[in-house]
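Structural description and commentary
Letter by letter, the chains look like this.
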Amino acid sequence: MNVHTKPKAGKERAGSKAATPKAAALRGSDAIAPDCTGQDFYALDRGLQQLLALYLPARLHAHMEPHFKRLGVLAGGRLDELARVADQNGPVLHARDRAGRDEDWIEYHPAYREMEKIAFGDFQFHAMSHRAGVLGLDAPMHPVAKYACQYLFVQGEFGIMCPVSVTDTSIYLIRKYADPKLKEYLLSRMLSADPDVQWKGTQFMTEKAGGSDIGRVETVARNEGGTWRLYGEKWFCSHADADVALMLARPEGAPEGTRGLALFALPRWLKDGSRNSYRIVRLKDKLGTRSMASGEIRFEGAVAYPVGRLDQGLKQMMDQVNLSRLSHGVRAAAMMRRCVNEALMVARHRVAFGVPIIEHSLLRRQLMKLIVPTEQALSMAMCAAAVMGEADAGSAEAADTLRILTPLVKFRACRDNIPVATGAMEVRGGNGYIEDWVNPRLVRDAQIGVLWEGTSNINALDVIGRAVGKTRAHKALGALLRRRLGETKGLPAAFTARLETTLARALGFAERVAAEPASEPQTRRAASALYHAASAVLLAWEGTRDTADARRALVARFVLEHRLSPKDPLEAEETGWEAPAIAAILEKGAVPLARSAKLLAD
Ligand SMILES: Cc1cc2nc3c(=O)[nH]c(=O)nc-3n(C[C@H](O)[C@H](O)[C@H](O)COP(=O)(O)OP(=O)(O)OC[C@H]3O[C@@H](n4cnc5c(N)ncnc54)[C@H](O)[C@@H]3O)c2cc1C
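Residues numbered from 1 in each chain as written. Predicted model: local features only at pLDDT ≥ 70, side-chain atom pairs only at ≥ 80, totals over all residues. Heavy atoms only, no water.

Our next topic: unusual backbone geometry. One non-glycine residue with positive phi stands out, namely Gln-124, at about 50 degrees. In this fold, Gln-124 is placed in the loop between helix H4 (110-122) and helix H5 (143-154). A positive phi angle, close to 55 degrees, is found at His-239, a residue other than glycine. Its place among the elements puts His-239 in the loop between strand E5 (227-238) and strand E6 (244-251). Using a relative accessible area of 4% as the deciding quantity, one classes His-239 as buried. (Helix = DSSP H or I, 4+ residues; strand = E, 2+ residues; numbered from the N terminus. Buried < 20%, exposed > 50% of the residue type's maximum accessible area, 1.4 Å probe, protein only.)

One finds Phe-68 and Phe-125 to be the most contacted residues of the largest nonpolar core, which totals 196 residues. Sort the elements by how many residues they give to this core and helix H9 (residues 361-392) lands first, with 18 residues. (Core = buried A, V, L, I, M, F, W, Y, C linked by side-chain atoms within 4.5 Å.)

What follows covers the confidence of the model for the protein chain. In this model, the protein chain carries an average pLDDT of 94, and 95% of its residues clear a pLDDT of 70 or more. Here residues 1-12 is a poorly scored stretch, pLDDT under 50, and it has 29 contacts once near neighbours within four places are set aside; other chains count. Per-residue pLDDT stays below 50 along residues 14-25; that stretch engages in 18 contacts with residues further than four places along the chain or on separate chains. (pLDDT = per-residue confidence, 0-100. Contact = heavy atoms within 4.5 Å.)

Right, let's talk about helix H12 (residues 456-468) for a bit. Bending of H12 peaks at approximately 30 degrees at the position of Asp-462. All of the buried residues in H12 are Ser-456, Asn-459, Ala-460, Asp-462, Val-463, Ile-464, Ala-467 and Val-468. Contacts from the buried residues of H12 go to helix H8 (313-349), helix H10 (396-428), helix H13 (474-487), helix H14 (493-515) and helix H15 (523-543). (Bend = angle between axes of the 7 residues up to and from the residue.)

Below is the structure:
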């Protein structure tokens, strides 16, 4: 393949590594509880370690273990330091270069550039799924390992995972749909780990008139003498200065609505080395993801290459959307884990009324409200990644299961991330509101999950309306979960039967809502019920595996009792079983199956 060196656009802001404060600065004092800065996030995460042993083939698991360890140390160490600085020193747009040419460029803090090197150069997240050679592997990486890497990385830095993931998903689309010439042109650059060669990707769909209602896209594509040129504006463009954007536009004369949308690849640089005709008009002043640049872009006859069939644009783009949705679910799971780690650190060190606050029963219950959704999200994300591996290997049933799991994980995990982040802030008390600590960033970053790649409503509608109503994909999910239940040994029969009944009811509820248009207002409830039922089954199954910590099965009970059972707000709850279960979950060591089983029987 013919690989060119790309023109140098990315200037770095003046500064040095010394600009990043040392981790020790936030260790706390006798009175102030410390944070997790400097911790090894892989070592801390026994749940993840056990699930990786369960979901990954043994050889791959052994190969990846040192890389997970290295990422765990980085995420709690250098990445965390860089993330803090990059968050506080966001990107700056310059409309012209210093010679006065209208060639806009974005200035990044060196901390962001260093994170790019770790992500794109060292770990090559963007290429993991697409070629051998990443982290010494002789084949593309299994999805479980890839998403585990994302999960660890995001506990340190969230913002840059958008450019990283969207480069990965852009490569997927180009590999799948582009013609051989376009593949040759783009992939040689996009798959590179050499920053002088590499082209990073992104995805632009949303316009002023429509995000959810994407059929309202107004950007026009004109075929001018055999070259496609784009005219119009995109309103939300994350990774605004990416080298290649995959985007939707309407070829002149194409029908209105989604049917008329085509998919194009838009390079930032043309083959003669000049800039393509589009401008980043403004960067968004965002609530979160502040390290990464999101902007508004105007296309003024920009050259673009059609990808795949002109009349299949949205259908093809949905492949990228779905990959991003799964990554968002994983990212939400990761941020929730960081929140839980932070909350436990505070709870064990902060003293109030003469004892560490973890000893107050009311606070222990609050901690469970953080832990339960975090473990649910991890189980669901790992399951989806494992299913993706089977679908990639050709299983049609797995492809169906993935079809429904993807929006399900995105919808619920991203939604749960918000109260978990707020809850972790509250556990830290007033300091949780102060930017010296990671909590404000976690609260800000958590919000975006319910917006990009579709809001909660749009993802819930995809689960119930399309995946259940049209594709009937819940059948495959139900079959997988029933198999898991059949393999769940050692738990009280009544508990397993309760899981089975709950699963059947959740699947039935989803079917009824999908079948009845008047039930649309119930869509989120139905999708949530399906998520909770599925995660309870998975947690119980995982908790009974040989290598497992049986506390996962206890978490399944919390899901049943607190997320799937009716409550009377005017009555005290029957919580006799809870206190010993919480004590077991908050212990540092693993719990044997017999002890969990006993707690589940009470
Ligand atoms: C920081 C940031 C970065 C982004 N980056 C990108 C990017 O790189 N590329 C890109 O293409 N987009 C990007 N987006 C756009 C994002 O995907 C959209 O904002 C999102 O899809 C919602 O679209 P909208 O803003 O047009 O809201 P709308 O679609 O107008 O939605 C408004 C409200 O109406 C609800 N709604 C809409 N339709 C229905 C329905 N049928 N039933 C029930 N409720 C409904 C929604 O749930 C929402 O609550 C980004 C957004 C942000 C904030």
